[in-house]
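Here's the letter readout for the chains.
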Amino acid sequence: MKKITGKVVSLVLALALVVSSFSANFAFAATKSMAGVVTDTAEDDIYLCNGGTGDREIDLNDFLAANGSGFNMETKNHKDVDNVKVSSISHISGDRLVSLKLRNNDDDAYLRLKSSTKTGTEVISVLFKADYTDDDGNEYTVKASQKLTVHVYDKDQLVLGKKDSNGVGKGVDELDDIPMTAGATVEIGAFVAQPESEDSCYAVLTPAHKIFLSKDKKDYKDSGFTLEVTSGSSDIHFLTEATVNGKKVFQDQFDDAHMRAKDVAQDVNGVLYAVVGKLNSQNQITGDASTGNITLTAKKLVQDGATYKASTDSDEKYTLKAKIAKKIDIEALKSYNSTDSSDARYLFKKTVNNAGKASDINYTIRKDGKSILDGFTQFDGNDVNLTDKEIKFPTDTDTVTVNEDVNIKKISGKMNKLTIGDCNVGEVDIDNGEVTIDEGKVGDVTIGDDDSTKAKLTITNGAKVGNIDTTDANDNEESINIDGATVGNIKTDGDVEIETNDDDHTVTVGEIAAAGKVTVNADEAKVSISALKAADEDAEFTLYNTDNMELKVGKIDFDYYDDVKLNLGNEDDEDDIFTGTIPAPINAADGSIETKNEDTNVTVTGKVDVDTISVDSDSTITFKDDVKAGTVDGDGTMVVVPGKLYVKESASSTKLKLDGNFAAGTVAFKADAGNVDVDDFDCYGFTLEKSTASNVDTFKVKSVSFAGIQINKTSANIAKGYSETFTATAYPNGTTIPAGYTVKWDLDGGSSDVFSMTTNGNTATVKVNSIDSTFASQNHATLTATLYDADGYEVEDYSAAKCEITAIAVPEAKIDTTNDFSLAQGASYQFKVTSTTAPSFTVGTPGAFNVALASKNGNDYFYKITAVGKVGSSAGIYLNGAKVCVVTIKAPAFTCDTTKDVTVKGSYQVKVTATTTPTFSVGTAGVFKASFVKKVGNDYFYKLTSVGKVGAKSGVYVNGVKVFVATVG
């Protein structure tokens, strides 16, 4: 046996080190994890069926995430993933019905029933995992989850709902609200649940064939089910067939040949027919149905000797809950004809004849004391009363017109055009249509059913509309136009156009989530939008305004989509510029910001991270915080804070201006090494020098020189009766205006009745004398400072400096709290108001809160409110006459061991429990002395000592709230 020599030992150790190195490298290259999102779900519910023996299961991957199923999972920045599969499930709520079994190295996921007899509903969370490789070759495991509701049927149970089953494992939909209109018909699906096979627990719903409708029958000669209305309205009646002799008929109206309620049930083939309305003893309808909830109960028939009877086992009783609603069925109205002697279904008390309207496809709703359907008569011979009701229109409807002053609950159905005037409509939910809302007040609007439907919506003239959703329509047939209206949130896959063509009507909109183009033009009146959010990579936002008209956007979210654009100014018309301030887009690393048209001048607040910034010629974009961009291009001016710009890829010809003070040696910007040169930007008033370290190029100011003039502000709001002085100085700071040069001031735009200006060399004072309440554009002006030489000629080598000025009615003030909140009774809250002049701070409801100016520091005013009113009362908080929030008084943030009046002989101890130190006091002086005893945890102990005469009384207060009255004993 050979011994291991030193050289061999060295080799072994070297090999060990190599292996160790490989292990370290392998660990470094390991797959990483990242969070993903499920953007589209194939199914939110799964329907299973028990029964049988052994392990019965279904392939959950195939059900939820199969190709072509409509399921979509992606990374949070919308990159496609591969090899999606179920990883695990977890119980959220309900019965515990299922478990998950993974096989084949976890590639297969099978959902299994825990019991062959148990039924019920369970909500589970399904965790998916998938593979993703980024552009740099890094591999990731992406994980995302969705909720899934599991329904387990009993084998052979009756399932009731809409007449069409959704397929294997997909159940049946619940019934829509049933119209109250006399003669309206309902089709109810009746199915029997079966497991798909001995191995599969998918529920398969096959048409039920034998349904007995008589609730009085006890002995049946056939198996099947009984069905009856067991609670709620009795004004729903089952039909023996869909039609008899061409007319719809009711249970018990015809002879046994048409009955399903006698000894032998006829084949219903999965559909039960019903009609609603008041029914007399002759089985004739005499009026509309009563509204309310109803319960249909089915019982399984079990053999009892030679016959069958309804089972008394609760597991063999099945219910369907539905509702007869305040809903008008136009199709039923069109069938009324009291002059048709061959139709014995109805008993009319007056002449009713809508037969001439049977072919109508155009409808008008008007006000005549109440909201009525023009030209139609309801069952009692009177006008069709639509007030506070839903109206369901037939699928062949062409136009519906809703006139002024109408008040209806809902419009549903399918139509080509819907026009709503100055009226109230609670909701619009239609499958198809072009909708115009002019002046009216409408709740939520939903348009669209599938890719064959269109959804075009126009809202004008001060109309007020709730949330809008058109995402179920064809993407190419969706459009929303808003001109001077108030709208809630918008969800659409199409385009949105917002404008204000009338200075009488502003626009206020919630969040707009769009997959297409959103164009916003604040022309004659202001526009306010809570948020713009991209819903696809093709989303594009365009903002522009006239005469600096106010255009506010609270948030801009690209939602990680590639290629989303934010256009500032409208490239389709060179006169459509944008001036104003916007928030920096978030989640926008692959998107772009582009200025369009000469004179566009925009300020961006917040940190910016985008792929491209493009600045059009003679436009200006100013960034107030960090800016990270892949590419910067265009011949316009980009203003940044020194040291806060980072360029990743390239810069080309853009004029770069530094905001604020800087000098030689100041860092101007940084870039990825080798991608930007010192002359790629057209530097305004300075030159650059570059240094490189750690793959980053740092560009510092090399020298500065006079480049023009600047005004101390780029925008200002001046209140009526106030003035502000502006100063023009040399740019950059530290340079001087050349000798002999002078500054000339101009105030362009706006009304001379609103603005006046006086100048004195390098200063100009602008005063606001009035507010034009008719034309908002007259309250905007542009202050310009231009350099002239000693001969009186404009020096064109230097750009003019500008400041946008807006006249406002009251001094501008900002408050730190704008959301509604609750304040404990007796507690206080402090507001911070920032204003250049003393603001007006008031509370709307008297007696709810005490208000005091706590302190003032410079332009900051601190106001304290104390809740002294009753619990549940509330009040608006007003700043300069405008409501900023509502504060509601809630129960005190303490408990006291004494809440009833007491008599004190000598002394009495009180315990107060609170998370913070309370205030403890007595109301009437000279009756009791209050003193602190001790603190134990959150318990505070106080002592009352009587010092007044016997019989004297005083309220005892905690945090300013009276909790009891003490009497000297």
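Residues numbered from 1 in each chain as written. Predicted model: local features only at pLDDT ≥ 70, side-chain atom pairs only at ≥ 80, totals over all residues. Heavy atoms only, no water.

Q: When you look at the pattern of salt bridges in this model, what are you seeing that I'm missing?
A: Should the charged atoms of two oppositely charged side chains come close, the side chains can pair. According to the stated counting rule, one finds 27 salt bridges in the structure shown. The shortest N-O distance in the salt bridge between Lys 326 and Asp 388 comes to 4.0 Å. Here Asp 388 lies in the loop between strand S26 (383-385) and strand S27 (390-393) and Lys 326 lies in the loop between strand S22 (317-325) and strand S23 (327-329), a separation of 62 residues in the sequence. Residue classification places Lys 326 among the partly exposed residues on the basis of a relative accessible area of 41%. Overall, Asp 388 belongs to the partly exposed group, its relative accessible area being 41%. Among the salt bridges present, the one from Lys 690 reaches Asp 697, with a minimum N-O distance of 3.8 Å. Counted as one network, the salt bridges with shared partners bring together Lys 607, Asp 625, Asp 626 and Lys 644. (Salt bridge = Lys/Arg side-chain N within 4 Å of Asp/Glu carboxyl O. Helix = DSSP H or I, 4+ residues; strand = E, 2+ residues; numbered from the N terminus. Buried < 20%, exposed > 50% of the residue type's maximum accessible area, 1.4 Å probe, protein only.)

Q: I would appreciate a short explanation of the packing of aromatic side chains in the present structure.
A: What characterises a pair of aromatic rings is the spacing of the ring centres plus the angle enclosed by the ring planes. Overall, the coordinates contain 24 aromatic pairs when judged by the stated rule. Taking the centre distance of 4.9 Å and the plane angle of 75° together, the rings of Tyr 829 and Phe 831 count as edge-to-face. Residue classification places Phe 831 among the buried residues on the basis of a relative accessible area of 0%. On the basis of an interplanar angle of 5° and a centroid distance of 4.4 Å, the ring pair of Phe 920 and Tyr 942 is categorised as stacked. Highlighted residues: Phe 920 in strand S83 (residues 920-922) and Tyr 942 in strand S85 (residues 939-946), separated in sequence by 22 residues. On the accessibility criterion, Phe 920 (14% relative accessible area) is buried. In this structure Tyr 942 comes out as buried when scored by relative accessible area, which is 6%. Each member of the aromatic cluster is reached from another via a ring pair, and the members are Phe 821, Tyr 829, Phe 831, Phe 841 and Tyr 863. (Phe/Tyr/Trp six-rings, centres within 6.5 Å; stacked < 30°, edge-to-face > 60°.)

Q: Looking at this model, I keep getting lost on the sheet that holds strand S3 (residues 57-59). Mind explaining?
A: Paired through backbone hydrogen bonds, the strands of a sheet run either parallel or antiparallel to each other. Pairing in this open sheet of three strands is antiparallel, and the strands run S3-S7-S6 from one edge to the other. Across the chains shown, the open sheet's two edge strands, defined by having one partner strand only, are S3 and strand S6 (98-103). Adjacent strand axes in the sheet meet at a mean angle of 30°, parallel and antiparallel pairs treated alike. One ladder, built from six bridges, connects S6 with strand S7 (residues 108-113); its direction is antiparallel. Paired with Lys 101 across the strands is Tyr 110, a residue of S7. (Pairing = 2+ DSSP bridges. Axes fitted to C-alpha atoms, helices over the stretch in contact; angles between N-to-C directions.)

Q: Explain a negative patch on the surface here, please?
A: On the surface, Asp 572, Asp 573, Glu 574, Asp 575, Glu 598, Asp 618, Asp 635 and Asp 682 cluster together into a patch of negative charge. Examined against the element boundaries, Asp 635 turns out to sit in the loop between strand S56 (627-633) and strand S57 (637-640). (Patch = residues over 30% accessible without salt bridge, like charges linked within 9 Å, V, L, I, M, F, W, Y side chains within 5 Å. Areas by Shrake-Rupley, 256 points an atom, 1.4 Å probe, with all protein chains shown as cover. Lys, Arg positive; Asp, Glu negative; His and termini not counted. Charge placed at Lys NZ, Arg CZ, Asp CG, Glu CD.)

Q: Is there a simple way to explain the nonpolar core in this structure?
A: Soluble globular proteins tend to pack their nonpolar side chains together in the buried interior. In terms of nonpolar packing, the biggest core is built from 140 residues, with Val 402, Ile 482, Ile 498, Ile 512, Leu 543 and Met 638 touching the most fellow members. Among residues more than four places away in sequence, those in contact with Met 638 are Ile 613, Val 615, Ile 621, Phe 623, Val 627, Val 632, Leu 645, Thr 654, Lys 655, Leu 656 and Lys 657. Counting residues in each nonpolar core, the second largest holds 30 residues, with Ala 65, Leu 111, Val 126 and Ala 130 among its members. (Core = buried A, V, L, I, M, F, W, Y, C linked by side-chain atoms within 4.5 Å. Contact = heavy atoms within 4.5 Å.)

Q: I tried to follow the environment of Asp 772 on my own but got confused; where do I start?
A: Considering the arrangement of structural elements, one finds Asp 772 in the loop between strand S69 (763-768) and strand S70 (780-788). Asp 772 sits 261 residues away from Glu 511 along the chain, and the two C-alpha atoms are 31 Å apart. For Asp 772, the contacting residues outside a window of four places in its chain are Val 754, Gln 778 and Asn 779. In this structure the side chain of Asp 772 is engaged in a polar contact, spanning 2.9 Å, whose partner is the backbone nitrogen of Thr 774. A distance of 2.9 Å separates a polar atom in the side chain of Asp 772 from the backbone nitrogen of Phe 775. (Polar contact = N/O pair within 3.5 Å; in protein donor to acceptor, adjacent residues only side chain to side chain.)

Q: For this particular structure, what's the right way to read the side chain of Thr 784?
A: Here Thr 784 shows up in strand S70. Since its relative accessible area comes to 9%, Thr 784 is described here as buried. Once residues within four sequence positions are removed from consideration, Thr 784 is found in contact with Lys 744, Trp 745, Asp 746, Asp 748, Ala 800, Ala 801 and Lys 802.

Q: What is the right way to read the sheet that holds strand S66 (residues 723-731) from this model?
A: Strand order in the open sheet formed by four strands is S64-S66-S69-S68, and the pairing between neighbours is antiparallel. Looking at the sheet topology across the chains shown, the edges are occupied by strand S64 (708-711) and strand S68 (755-760). Going from strand to strand, the sheet's axes swing by 25° on average, the running direction of each strand aside. Pairing analysis gives four bridges linking S64 to S66, with the strands arranged antiparallel.

Q: Can you help me understand the state of the cysteines in this one?
A: Every disulfide links exactly two cysteines, by a covalent bond between their sulfur atoms. Under the definition given, this model contains zero disulfides. Here Cys 201 is not cross-linked by a disulfide; its sulfur's nearest cysteine counterpart is in Cys 49, at 9.0 Å. (Disulfide = S-S within 2.5 Å.)

Q: Help me understand the pairing of S57 in this model?
A: Neither face of S57 is open: one carries Thr 637 and Val 639, the other Met 638 and Val 640, and all of them are buried. Pairing of S57 with strand S59 (residues 655-658) involves four bridges; the strand directions are parallel. Looking across to S59, one finds that Thr 637 is bridged to Lys 655.

Q: Mind showing me how you'd approach the environment of Phe 706 here?
A: Its location among the elements puts Phe 706 in the loop between strand S63 (696-704) and S64. The class of Phe 706 is buried, set by a relative accessible area of 16%. Placed 30 residues apart in sequence, Phe 706 and Thr 736 show a C-alpha to C-alpha distance of 6.6 Å.

Q: Help me understand the confidence of the model for the protein in this model?
A: Low pLDDT means the predicted atomic positions in that stretch should not be read closely. Residues at a pLDDT of 70 or more form 93% of the protein, whose mean pLDDT is 88. Note that pLDDT drops below 50 for residues 1-28; the model gives that stretch one contact with residues more than four away or on any other chain. Contacts for the low-pLDDT stretch residues 243-264, under 50 throughout, to residues beyond four places or in other chains number 66 contacts. (pLDDT = per-residue confidence, 0-100.)

Q: Just to check I follow, could you spell out the side chain of Thr 226 for this structure?
A: Within the secondary structure, Thr 226 is located in strand S15 (residues 225-232). Residue Thr 226 is classed as buried on the basis of its relative accessible area of 8%. Here Thr 226 is in contact with Phe 212, Tyr 220, Thr 297, Ala 298, Lys 299, Leu 301 and Ala 310, once residues within four sequence places are set aside.

Q: I tried to follow unusual backbone geometry on my own but got confused; where do I start?
A: Leave glycine aside and you will find that most residues have negative phi; peptide bonds, for their part, are mostly trans. Of the consecutive residues Tyr 731 and Pro 732, the connecting peptide bond is found in the cis state with omega at -5°. Tracing the backbone through its elements, the reader meets Pro 732 in the loop between S66 and strand S67 (742-748). Not every positive phi belongs to a glycine, and Glu 439 is a case in point at roughly 75°. You can see Glu 439 is positioned in the loop between strand S34 (433-438) and strand S35 (441-442). Its identity is not glycine, yet Asn 548 carries a phi of approximately 60°, on the positive side. With respect to the helices and strands, Asn 548 occurs in the loop between strand S47 (540-545) and strand S48 (551-553). Residue Asn 548 is classed as buried on the basis of its relative accessible area, which comes to 14%.

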